[in-house]
Amino acid sequence: MRELLTIGAFARAARLSPKALRLYDELGLLRPAAVDGESGYRFYDPAQLEQARLIAWLRRVGMPLARIRRVCALPAPAAAEEVAGYWEQVLAETAARGRLATFLVDYLSGRGSAVEDAATMLGIRYAARSELGLVRTSNEDTAYAGARLLAVADGVRGPGGDRASTAAVDALKPLETLTVPAEDLLGALADAVGEADRAIRNIAGSTPSGEAVTTLTALLWSGSRLALVHIGDTRAYLVRDGELFQITQDHTYVQSLVDEGRLSAEEAASHPQRSLLVRALTGTGGARPDLSLHEAVAGDRYLLCSDGLSTVVPAGSLREVLNGPGGPQEVLDELVARAYAAGAPDNIACVVADVVRLETPATRDGTGW
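Summary of the structure given here. Here the residue numbers are simple positions, counted from 1 along each chain's written sequence. Residue-level local features of this predicted model are given only where pLDDT is at least 70; pairs of side-chain atoms are given and counted only at 80 or more, and the full residue set underlies all totals for whole chains, interfaces and linings. Side-chain measures here rest on the full set of heavy atoms in the structure, leaving out hydrogens and waters.

1. A closer look at the sheet that holds strand β2 (residues 34-35)
To keep things clear, this is the line we draw: Paired strands, in this sense, are two strands between which DSSP finds at least two bridges. Under the scheme used here, helices are H or I runs from DSSP no shorter than 4 residues and strands are E runs no shorter than 2 residues, and both carry numbers assigned from the N terminus.
Read from one edge to the other, the open sheet built from three strands follows the order β1-β3-β2, with strand pairing classed as antiparallel. Edge positions in the sheet fall to β1 (5-6) and β2, since each has one partner strand and no second. Bridge analysis of β2 against strand β3 (residues 42-44) gives two bridges, and the strand direction is antiparallel. Across the sheet, residue Val-35 finds its bridge partner in β3, namely Arg-42.

Rendered as structure tokens:
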């Protein structure tokens, strides 16, 4: 029988502290091989050193203890996939924080502000549409487009879903007429989402189930900067130089499996739980929307849509239509037509907006600036 190591000797061999080993024991990550019945002193088998070192390495890359427990319970190939998925998620979150940090550095150093030169000001031409589809008997989707605000929301089916999506967008509409400097776009959006969540709480209180849920994706403009708020599985896409980019990430159970490397994008598209949300506006005060800043460029085209479009019109088809001729209304009509051609099993909400250079003061018409 192999000789057991005291907690002190094992800690030195694993390059861990006895305090860390006691924590791992309490959390069930690394149980000692034996515990003295009288003193409670812990003893470890040298064969446990590999797992102890793995835990230490995972802690160094910042993995939460709950996720480390999952990794340690997996065979090596599956554990490798789990670590790879975690690191992809870290890189995505780091990139988002990096964009915000860049903005803050520019702002604090005096380089970041709204564009004041009228010759370089940007505006948008836009169109919005919300459709029932061919299967549903009620429409829980809301779409809105204005000169400074674009938004889509998809209420979860059930009592209050339609009112929740409308309330979420209505809470953002006052931003259209407020003077919001570029450096405060994210704060203004965050405050408005808080108002939306409170409005949804009131709606939930009036439903038999006590629940009302909606997703929300919106863009708010100031000068050449735009702020994006996103929660749920409504989406925002950008077309720049002919390429299509999805600039939001779905807050769904299936997308979390894709992020963790446990499911491919192709498998996710047909997964039976692909619409199961892990984040949404619920009126409970726990909303955690994604907030990010982006720089607009003349010639960009944006699409905001509910999953009633994105799940039935593939990315290749979206790219084709969005790069096609016509203005926002014509493009929007073609996208909706393709959703109907694919069976339109869900409600459809879409907003299409083109970024344009404002050479001279513009006047409003039916499709935007």
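2. Quick notes on the sheet that holds strand β10 (residues 243-246)
Backbone hydrogen bonds are what pair the strands of a sheet, in a parallel or an antiparallel way. We apply this condition: Angles here are taken between N-to-C directions and fall from 0 to 180 degrees, while the axes themselves are lines fitted to C-alpha atoms, restricted in helices to the stretch in contact.
Strand order in this open sheet of five strands is β4-β13-β12-β9-β10, and the pairing throughout is antiparallel. Single-partner strands in this sheet number two, and they are β4 (122-131) and β10. Across the sheet, the mean angle separating the axes of adjacent strands is 20° when strand polarity is ignored. When strand β12 (residues 301-305) meets strand β13 (residues 348-357), the two strands line up antiparallel, connected through five bridges.

3. Some points on the packing of helix α3 (residues 49-60) against helix α4 (residues 65-72)
The test is simple: Angle categories are assigned with fixed cut-offs, so that under 35 degrees is roughly parallel, over 145 is roughly antiparallel, 65 to 115 is roughly perpendicular, and the rest are oblique. Should the near helix be turned anticlockwise from the far one by less than a right angle, the crossing is left-handed, and should it be turned clockwise, the crossing is right-handed. Contact between two residues is taken to exist if any of their heavy atoms lie within 4.5 Å; hydrogens are not considered. Here the nonpolar group is Ala, Val, Leu, Ile, Met, Phe, Trp, Tyr, Cys and Pro; Asp, Glu, Lys and Arg are the charged ones; every other residue, Gly included, is treated as polar.
Two numbers describe how α3 lies on α4: the axes approach to 10 Å, and their chain directions differ by 140°. Between α3 and α4, the angle is such that the two are oblique. The two elements α3 and α4 meet at a crossing, and its hand is right-handed. Across the interface between the two elements, Gln-51, Leu-54, Ile-55, Leu-58 and Arg-59 of α3 pack against Leu-65, Ile-68, Val-71 and Cys-72 of α4. The residue makeup of the contact of α3 with α4, split by class, is seven nonpolar, one polar and one charged.

4. Some remarks on the nonpolar core
The condition that has to hold: Buried residues of nine kinds, namely Ala, Val, Leu, Ile, Met, Phe, Trp, Tyr and Cys, make up a nonpolar core once their side-chain atoms join them within 4.5 Å. Relative accessibility decides the category of a residue: with a 1.4 Å probe and only protein chains considered, values under 20% of the type maximum give buried, values over 50% give exposed, and everything between is partly exposed.
Grouped together as the largest cluster of nonpolar side chains are 30 residues, with contacts concentrated most on Leu-172, Leu-175, Leu-189, Leu-216 and Leu-281. Those elements giving two or more residues to this core turn out to be β6 (149-154), α6 (161-172), α7 (185-205), β7 (216-222) and β8 (225-231). Top element by residues in this core is α7. It accounts for ten residues. Those residues in contact with Leu-189, other than ones at most four positions away along the chain, are Leu-172, Leu-175, Leu-220, Ala-227, Leu-228, Val-229 and Leu-291. Judged by nonpolar contacts, the second largest core, of 23 residues, contains Leu-21, Leu-49, Met-63 and Leu-65.

All we've got here are geometric facts, nothing functional implied.
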